[in-house]
Amino acid sequence: ISGNAIRPMALRAVSAISKALPGYPILATGGADSAAVSMQFLHAGASGVQICSAVQNQDYTVVQDYITGLQALLYMQSREDLSDWNGQSRPIEEARENPWVKPYPGKHRLPDFGPYHKQKEHLAAENRKKEPLPMPPANFGARPSPQPSKAIPSINDVVGAAV
């Protein structure tokens, strides 16, 4: 068994070793398929994380994805305004829909297959003639990024944080 199947056992083993031998370097293996899971291993006490199955399933570029993901997770820990974020964005229904296709009053939105697809295209063309697509404000995307409210932790700061 390898990969995600052994992650719970691997996390428990890393935590147990970390508690029994504080400060002992531990290399976590088994189920680290994302930066978030790698962070879990680091919080459990691992000082390093082996990435094997993910590289076999994808390629070596996944390692850079993990590094970038860990940097983002560490940055998010330094922002108090993101402390209640659960890792998911709120759904934005308007972003998934064609802005020119309005639902019929009292009816559901049309599906995007078969004869309905052509009907949606026809409705969109009619609505484009009636009203132009709203333009975003001139300063859209130009807002400054909030600065961290505390120092960005390093990997060494999070090793064993949950033990």
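Conventions and cut-offs
As a convention, each chain's residues are numbered from 1 in the sequence order in which they are written. Residue-level local features of this predicted model are given only where pLDDT is at least 70; pairs of side-chain atoms are given and counted only at 80 or more, and the full residue set underlies all totals for whole chains, interfaces and linings. Computation of side-chain values covers all heavy atoms of the structure but excludes hydrogens and water. For helices, the fitted line uses only the C-alpha atoms of the stretch in contact; every axis is such a line through C-alpha atoms, and the angle between N-to-C directions lies from 0 to 180 degrees. Secondary structure follows DSSP: runs of H or I at least 4 residues long count as helices, runs of E at least 2 residues long count as strands, and numbering of each begins at the N terminus. In this scheme, a crossing is called left-handed if the near helix is turned counterclockwise away from the far one by less than a right angle; it is called right-handed if the turn is clockwise. Any two residues whose heavy atoms approach within 4.5 Å at even a single point are treated as in contact. Following the grouping adopted for this structure description, the nonpolar residues are Ala, Val, Leu, Ile, Met, Phe, Trp, Tyr, Cys and Pro, the charged ones are Asp, Glu, Lys and Arg, and the polar ones are all others, Gly among them. If an angle is under 35 degrees, it is roughly parallel; if it is over 145, roughly antiparallel; if it lies from 65 to 115, roughly perpendicular; otherwise it is oblique. Grid spacing is 1 Å over the protein atoms alone, the probe is 1.4 Å, and a cavity is where that probe fits but cannot get out, while a pocket is an open set with protein on both sides within 12 Å along at least five of seven lines and lining residues have an atom within 4 Å of a point. Grid points are joined across faces, edges and corners, and a volume is the space filled by probe spheres set on the points.

S.K.: Explain the packing of helix α2 (residues 35-44) against helix α4 (residues 61-77) to me, using residue names and the numbers behind them.
M.R.: Interhelical geometry of α2 versus α4 gives an angle of 65 degrees and a closest axis separation of 8 Å. Helix-helix and strand crossings are classified by hand; for α2 and α4 the assignment is right-handed. When α2 is examined against α4, the residues Ala-35, Ala-36, Ser-38, Met-39, Leu-42 and His-43 are found in contact with a partner set consisting of Tyr-66, Gly-69, Leu-70, Leu-73, Leu-74 and Gln-77. The residue inventory of the contact of α2 with α4, partitioned by class, reads eight nonpolar, four polar and no charged.

S.K.: Which residues make up the packing of helix α1 (residues 7-20) against α2, and what are the values?
M.R.: For the pair α1 and α2, the least separation of the axes is 8 Å and the interaxial angle reads 25 degrees. One way to sum up the angle between α1 and α2 is to call them roughly parallel. Residues Arg-7, Ala-10, Leu-11, Val-14, Ser-15 and Ser-18 of α1 pack against Val-37, Gln-40, Phe-41 and Ala-44 of α2. Along the lines of polarity and charge, the residues of the contact of α1 with α2 split into six nonpolar, three polar and one charged.

S.K.: For the layout of surface pockets, give the residues involved together with the corresponding values.
M.R.: In this structure, the largest pocket spans a volume of roughly 270 Å³. As for the largest pocket, its lining consists of 11 residues, of which Leu-73, Met-76, Gln-77, Leu-82 and Trp-85 are closest to the centre. At the level of secondary structure, the elements contributing two or more residues to the lining of the largest pocket comprise α2 and α4. For the lining of the largest pocket, the per-class residue count stands at six nonpolar, five polar and no charged. In this structure, the second largest pocket occupies an estimated 220 Å³ of space. The wall of the second largest pocket is formed by 16 residues, among which Gly-3, Gly-31, Cys-52, Ser-53 and Ala-54 lie closest to the centre. Its residues assigned to classes, the lining of the second largest pocket comprises five nonpolar, 10 polar and one charged.

From the geometry alone we can't say anything about function, so treat these as descriptive.
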